[in-house]
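# Chain and residue survey
Spelled out from the first residue to the last, the chains are:
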Amino acid sequence: MLAHLLSLPALALAASLGVAAGLGGYTFVFAKGSSYASDAPAACANCHVMQSRYDSWRSGPHHAAAVCNDCHTPASPAAKYLVKALNGWHHSKAFTSGDYPDVILMRESSRAVVEGQCRHCHADVVASMEAGGAVSCVRCHDSVGHLR
Amino acid sequence: NISGRQAEAKNPTVRVVELTDETVDPAIWGKDFPAEYDLYRKTAEMGKTRFGGSEAMPRVPTLDDPRTSVSQSKIDEDPRLKVMWAGYAFAADFREDRGHAHMLDDQGFTKRQQVVKQPGACMQCHASVYPAMMKLGGGDLVKGFEKMNPMPYAEARKLVDHPVACIDCHEPRTMTLRISRPAFLEGMRALKASQGVQSYDPNTMATRQEMRAYVCAQCHVEYYFKGPEKRLVFPWAKGLGADQILAFYDEAGFKDWVHKETGAPVLKAQHPEFETWSQGVHARSGVACADCHMPYMRVGGQKVSDHHVRSPLLNINRACQGCHKWEEKELKERVEGIQTKFYSVRNQAMDALISLIGDLKAAKAAGRSDKDLEGARYLQRRGQFLLDFVEAENSTGFHAPQETMRLLSESIDFSRQGQIALRDPGFKPTVEVVAIATTPAPAPVPPLVK
Amino acid sequence: NISGRQAEAKNPTVRVVELTDETVDPAIWGKDFPAEYDLYRKTAEMGKTRFGGSEAMPRVPTLDDPRTSVSQSKIDEDPRLKVMWAGYAFAADFREDRGHAHMLDDQGFTKRQQVVKQPGACMQCHASVYPAMMKLGGGDLVKGFEKMNPMPYAEARKLVDHPVACIDCHEPRTMTLRISRPAFLEGMRALKASQGVQSYDPNTMATRQEMRAYVCAQCHVEYYFKGPEKRLVFPWAKGLGADQILAFYDEAGFKDWVHKETGAPVLKAQHPEFETWSQGVHARSGVACADCHMPYMRVGGQKVSDHHVRSPLLNINRACQGCHKWEEKELKERVEGIQTKFYSVRNQAMDALISLIGDLKAAKAAGRSDKDLEGARYLQRRGQFLLDFVEAENSTGFHAPQETMRLLSESIDFSRQGQIALRDPGFKPTVEVVAIATTPAPAPVPPLVK
Ligand SMILES: [Ca+2]
Ligand SMILES: [Ca+2]
């Protein structure tokens with residue numbers, strides 16, 4: 001997953017997005033979006049649309065184990081920065097334009113990040129599963145982390 | 001095969017013995033993979049669910065049948081089955097299926113072996129035949145397959161020692177899933193060709209998730225023996241649907257036997273789990289057989305697939321609750337609700353078919369001509385195959401609740417139309433009557449064992 | 001996720017006008033709740049889906065029918081319906097349903113009004129009758145209900161001004177959901193009593209999630225008019241299942257009309273969405289009508305229920321994706337897959353019924369006695385009701401895919417058995433023949449409007 005995130009085109013994209021994110025910055029800050037940069041789950045919950053995940057995360061087993069960004073941003077610092085930039089951009093764009101679906105859906109790239117993070121913590125447990133080749137954790141552990 | 005290479009790289013377990021394409025004995029594989037092996041052996045256990053699982057009936061071993069237990073007899077539970085199968089081996093013995101550990105004995109000692117001479121082709125789904133086929137074919141799997149099919153059963157039996165084993169589903173070096181059955185490879189190739197995909201090969205083209213269903217579909221499928229070579233064939237060239245399979249048999253003019261009481265050229269459907277599952281919402285959602293029948297479980301620090309293959313209702317927590325947040329009791333009730341509805345209509349369809357058979361029998365006794373009975377006989381063939389298809393399917397409707405009901409409604413329609421046709425020569429059925437040659441069935445061969 | 005959603009939907013709105021039990025006009029409610037009001041008015045819009053929605057057919061307004069558009073005619077789409085309903089008003093006019101905004105006009109101007117004199121009871125489900133009933137009953141809802149039922153339609157029509165409106169589903173002060181229809185209260189009381197729960201009252205005993213279905217079930221249900229007082233009754237005393245409703249009508253010896261061509265005492269089923277939904281997996285999972293037909297949406301910063309009640313296929317992201325993370329295209333295909341399978345068997349059942357009707361007609365013409373035809377006529381009544389039940393249901397099988405298929409298979413069985421019975425006096429049907437009085441149908445009354 002990391003490999004695919006750090007591929008050259010992705011990096012080029014990130015560069016341009018760095019700028020773009022800056023442009024989107026005004027409304028984003030206005031929308032308390034700046035807190036996005038932090039890792040505190042409460043920061044995510046600043047946004048009403050994040051609230052339901054926040055609530056169910058707090059009542060789930062992962063509450064003690066993982067904060068939002070443990071699952072939604074890659075562990076390695078470089079990739080983490082890149083993904084935060086990407087997410088920040090998507091978030092600000094979505095929020096500025098208000099143009100996003102009422103039922104929020106995962107982008108493929110975000111899903112890949114999450115899948116990567118499952119392994120980051122559970123590698124030992126799933127090593128023998130992985131032996132068979134590509135597998136999606138979320139296919140079976142859909143509501144891990146929080147309800148949808 | 002990419003996932004194959006990945007596996008080689010990642011496969012963590014330390015191998016204590018080296019496994020090759022000749023390693024048949026699962027006990028040896030068990031040295032490298034004790035968790036899976038121990039679970040695999042548990043398939044000898046028996047346990048009943050409302051409609052599935054299996055009930056252990058203790059029996060006193062006899063010379064010609066050393067088994068100390070069998071599962072309940074379905075033809076005794078519902079004697080109408082004997083009427084449906086009159087003149088065919090299944091009327092002699094048909095039991096509820098049980099765990100994989102029993103497959104070789106149950107096949108060898110069923111009374112069906114005594115009323116008909118069975119071919120080596122039977123072995124494909126009841127024994128670990130992969131190494132035996134390779135040996136027979138001198139390294140050529142298909143050649144070995146073609147040699148084993150026409151053998152007398154007793155002869156083929158001497159070539160195998162185990163029920164389905166590791167080597168039948170796994171490539172020994174990487175442990176990735178592998179299709180070892182030519183009949184499935186050929187069946188899938190024909191199916192995909194009908195969809196415009198040429199020379200399809202699961203072993204190189206299927207996703208891992210697909211393989212988690214395909215390994216089961218090597219056996220849990222409808223089949224027939226083609227020609228004198230007794231080649232094992234999966235009738236999928238027109239599609240996996242029951243209607244498409246029926247059309248395939250009609251076009252081939254194929255019949256399993258001529259019904260003893262009615263003279264109709266009928267078909268026997270057998271365990272179409274794969275075909276039925278493929279029509280349901282779980283298949284549509286990418287949920288494979290292994291997800292429910294071999295769910296992951298924690299053994300020591302590792303998650304392993306539960307190789308104790310069985311009814312998921314005996315393992316609801318792992319088999320269902322990952323995806324469905326309902327309580328065990330609730331999930332069980334949902335399944336049984338679907339199954340109970342299915343079973344009531346299955347009985348309704350059975351009644352319709354039995355009355356058609358009764359009417360045909362009477363008409364035949366009354367000396368009505370074959371020409372006269374052709375329409376009703378073809379309607380029996382249709383109605384009976386569609387009913388047998390969902391009856392032989394082992395989930396009691398669960399694998400595809402709407403589709404199995406649809407097939408039952410068609411079955412009822414055809415059986416009842418057959419009754420009308422018998423009473424009214426002028427009646428026009430809703431389907432074209434297809435002429436199937438009804439050369440009298442071969443006289444039953446003297447028992448093999450005795 | 002339901003519980004997740006329940007937590008929300010508190011509405012912080014400031015009231016600008018005070019709403020009372022006398023406030024009928026939704027425009028006034030709209031002052032306090034502009035978002036819901038604007039969405040509510042959108043139900044005037046029309047849009048087609050593969051099997052549902054509605055298609056706007058422009059028409060030139062006439063004196064006796066000022067409508068500038070109607071939805072497509074179902075009896076023209078499938079003329080077999082006219083044969084099924086021969087001798088009944090539905091054979092004159094039956095159209096695809098459309099949005100709530102049209103309900104009052106569509107009822108008032110259907111040709112069914114011209115062939116039969118309709119009672120005030122009709123008004124219960126096509127107008128905002130709550131205040132009118134209260135007025136009529138002098139504050140006693142049930143008394144008002146009993147007064148309005150037997151009125152001539154035209155007279156009752158004068159008492160109402162709006163299609164279903166806010167007051168029919170909401171208590172004006174708290175805005176909580178409220179049942180305003182005596183027929184539903186009485187129907188539920190009878191149903192619960194049959195399950196051992198005495199004097200059940202939804203308004204005090206139902207959960208919020210149940211109310212999200214019950215408000216719809218005030219109208220989207222099977223019904224009949226009882227006795228000369230034309231009391232609107234929901235036939236649930238034996239249960240919500242189609243077979244139980246049929247048993248209820250048989251016991252009551254009730255018939256809607258005598259079939260013009262066969263002389264059979266038949267029944268008309270109507271929009272049993274609630275009964276059908278209750279048999280499906282969504283109901284079982286606590287998913288209510290409002291979850292799919294009135295999903296939450298963002299308006300401004302606020303989360304409101306989409307009061308543009310319509311086909312969820314026109315609103316998939318909000319209606320489905322909250323629970324199913326499949327793509328819109330995939331979800332649409334799943335629904336249409338279920339509906340297409342349903343529709344093929346629905347057609348098969350229709351063919352069976354039509355041939356039975358043809359046979360009965362011929363037998364009657366041939367002068368066979370009523371005694372002689374009684375069995376076949378009763379089988380028509382059964383086969384026809386079960387088919388009409390799923391046909392009148394508006395989800396084309398989606399609300400309960402397995403159950404609707406089950407009903408179709410029963411329908412086919414009964415229709416075909418009727419054909420056998422006609423050809424064979426000795427034939428014993430699988431159900432007891434129940435005698436229903438067939439006093440000739442009342443001669444059509446002169447048109448009300450002209
Ligand atoms: Ca079994
Ligand atoms: Ca409609």
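Residues numbered from 1 in each chain as written. Chains lettered and ligands numbered in written order. Predicted model: local features only at pLDDT ≥ 70, side-chain atom pairs only at ≥ 80, totals over all residues. Heavy atoms only, no water.

## A word on the interface of chain B and chain A
On the side of chain A, 16 residues touch chain B, which itself brings 22 residues to the contact. Where chain B abuts chain A, roughly 1400 Å² becomes buried across the two surfaces, and 49% of that area is made up of carbon and sulfur atoms. Taken together, the connections running from chain B to chain A amount to one salt bridge. Measuring nitrogen to oxygen at the nearest pair gives 2.9 Å for the salt bridge that ties D291 of chain B to R139 of chain A. There are eight residue pairs in polar contact (both at pLDDT 80 or more) connecting chain B and chain A. (Contact = heavy atoms within 4.5 Å. Buried area = accessible area lost by both parts, 1.4 Å probe. Salt bridge = Lys/Arg side-chain N within 4 Å of Asp/Glu carboxyl O. Polar contact = N/O pair within 3.5 Å; in protein donor to acceptor, adjacent residues only side chain to side chain.)

## As for the coordination of the calcium ion (ligand 1)
Residue and element names in this part refer to chain B. The protein atoms donating to the calcium ion (ligand 1) are G53 (O), E96 (OE), D97 (O) and D97 (OD), with metal-donor distances spanning 2.2 to 2.3 Å. Between consecutive donor residues of the calcium ion (ligand 1), the sequence gaps follow G-x42-E-D. Placement of the pair is G53 in the loop between helix 3 (34-41) and strand 1 (56-58) and D97 in the loop between helix 5 (80-84) and helix 6 (103-109), with a sequence separation of 44 residues. (Donors = N, O, S within 2.8 Å, 3.2 Å for Na, K, Ca; no water. Helix = DSSP H or I, 4+ residues; strand = E, 2+ residues; numbered from the N terminus.)

## Concerning the relation of the copies chain B and chain C
Between chain B and chain C, which share one sequence, the superposing operator has a rotation angle of 180° and an axial displacement of 0.0 Å; the RMSD is 0.1 Å. What we have between these two chains is a two-fold relation. (Least-squares fit on C-alpha atoms with pLDDT ≥ 70 in both.)

## A word on the coordination of the calcium ion (ligand 2)
Summarising the metal site, the calcium ion (ligand 2) is bound by the protein donors G53 of chain C (O), E96 of chain C (OE), D97 of chain C (O) and D97 of chain C (OD), whose distances to it range over 2.1 to 2.3 Å. One chain supplies every donor to the calcium ion (ligand 2), and in sequence these donors are spaced G-x42-E-D.

## Some remarks on the environment of A288 of chain C
Residue and element names in this part refer to chain C. Relative to the helices and strands, A288 is located in the loop between helix 17 (281-284) and helix 18 (289-293). Residues A288 and S278 lie ten residues apart in sequence; the distance between their C-alpha atoms is 9.6 Å. Leaving out residues up to four positions away in the same chain, A288 has contacts with Q209, R212, A213 and W277.

## Things to note about unusual backbone geometry
Residue and element names in this part refer to chain B. Within the chain, S199 stands out as a residue other than glycine whose phi angle is a positive 35°. Residue position: S199 is located in the loop between helix 12 (182-194) and helix 13 (202-205). Exposure remark for S199: the relative accessible area of 56% places this residue in the exposed category. Of note, T396 is a non-glycine position whose phi angle comes to about 50°, a positive value. Among the secondary structure elements, T396 is positioned in the loop between helix 21 (370-392) and helix 22 (401-423). (Buried < 20%, exposed > 50% of the residue type's maximum accessible area, 1.4 Å probe, protein only.)

## A few points about the interface of chain B and chain C
In this complex, chain B contributes 31 residues to the contact, which on the side of chain C involves 31 residues. Summing both partners gives a buried area of about 2900 Å² for chain B against chain C, and 52% of it is carried by carbon and sulfur. Taken as a group, R284, Q402 and R416 of chain B account for 23% of the area that chain B buries against chain C, more than any other trio of residues on that side. Viewed at the interface, chain C and chain B are joined by ten salt bridges. The salt bridge partner of R416 of chain C is D413 of chain B, with a shortest N-O separation of 2.7 Å. Elements supplying a minimum of two residues to the side of chain B that touches chain C: helix 17 (281-284), helix 20 (328-365) and helix 22 of chain B. Here the side of chain B that touches chain C gets 14 residues from one element, more than from any other, and that element is helix 22 of chain B. Taken together, the residues that form the side of chain B that touches chain C break down as ten nonpolar, nine polar and twelve charged. (Nonpolar A, V, L, I, M, F, W, Y, C, P; charged D, E, K, R; others polar.)

## So, helix 15 (residues 242-252) of chain B
Residues and elements named next belong to chain B. Of all the residues in helix 15, the buried ones are A242, I245, L246, F248, Y249 and D250. Tucked into the core, helix 15 has its buried residues touching strand 3 (224-226), helix 16 (273-277), helix 21 and helix 22. Two residues or fewer past helix 15, G253 is found with a positive phi of approximately 60°.

## A word on the pattern of salt bridges
Pairing between side chains of opposite charge can happen when their charged atoms approach one another. Taken as a whole and assessed by the stated rule, the structure comprises 90 salt bridges over all chains. One salt bridge connects D32 of chain B with R15 of chain B, and the closest N-O pair in it is separated by 4.0 Å. With D32 of chain B in helix 2 (residues 26-32) and R15 of chain B in the loop between helix 1 (2-10) and helix 2, this residue pair connects regions lying 17 residues apart in the sequence. Residues D21 of chain C and R178 of chain C are paired through a salt bridge, measuring 3.0 Å at the closest nitrogen-oxygen approach. A residue pair is termed long-range when its members are at least 10 positions apart, and D21 of chain C in the loop between helix 1 (2-6) and helix 2 (26-32) and R178 of chain C in the loop between helix 11 (166-169) and helix 12 (182-194) qualify at 157 residues. We classify D21 of chain C as buried; its relative accessible area is 18%.

## Describing the confidence of the model for chain B
Residues and elements named next belong to chain B. Taken as a whole, chain B shows an average pLDDT of 94; of its residues, 94% reach a score of 70 or greater. Of the regions scoring below 50 in pLDDT, residues 440-450 engages in twelve contacts with residues more than four places distant in sequence or in other chains. Among the prediction metrics, the complex's ipTM stands at 0.91, with pTM recorded as 0.93. (pLDDT = per-residue confidence, 0-100.)

## Focus: the packing of helix 15 (residues 242-252) of chain C against helix 21 (residues 370-392) of chain C
Residues and elements named next belong to chain C. Put simply, helix 15 and helix 21 touch, their axes get as near as 11 Å, and they point 135° apart. With respect to each other, helix 15 and helix 21 are oriented oblique. Read as a crossing pair, helix 15 and helix 21 show a hand that is right-handed. Contacts between helix 15 and helix 21 involve A242, I245, L246, Y249 and D250 on the former and, on the latter, Y378, R381, R382, F385, L386 and F389. Here the contact of helix 15 with helix 21 is composed, by residue class, of eight nonpolar, no polar and three charged. (Axes fitted to C-alpha atoms, helices over the stretch in contact; angles between N-to-C directions. Parallel < 35°, antiparallel > 145°, perpendicular 65-115°, else oblique. Left-handed = near helix turned anticlockwise from the far one by under 90°.)

## A closer look at the pairing of strand 8 (residues 302-305) of chain C
Residues and elements named next belong to chain C. Pairing of strand 7 (residues 296-299) with strand 8, which is carried by four bridges, proceeds in the antiparallel orientation. The residue of strand 8 that forms the bridge with V299 is Q302. Turn length for the strand 7-strand 8 hairpin, with the two strands adjacent in sequence and antiparallel, is two residues, and the turn residue G300 shows positive phi of about 65°. (Pairing = 2+ DSSP bridges.)

## Some points on the state of the cysteines
Here the structure, examined in full by the defined rule, presents zero disulfides over all chains. No disulfide involves C47 of chain A; its sulfur sits 8.8 Å from the nearest other cysteine sulfur, which is in C44 of chain A. (Disulfide = S-S within 2.5 Å.)

## Here we look at the packing of helix 20 (residues 328-365) of chain C against helix 22 (residues 401-423) of chain C
Residue and element names in this part refer to chain C. At a closest axis distance of 9 Å, the pairing of helix 20 and helix 22 adopts a crossing angle of 20°. Between helix 20 and helix 22, the crossing angle belongs to the class labelled roughly parallel. When you trace helix 20 past helix 22, the crossing you get is left-handed. Looking at the contact of helix 20 with helix 22 residue by residue, the class counts come to 14 nonpolar, seven polar and five charged.

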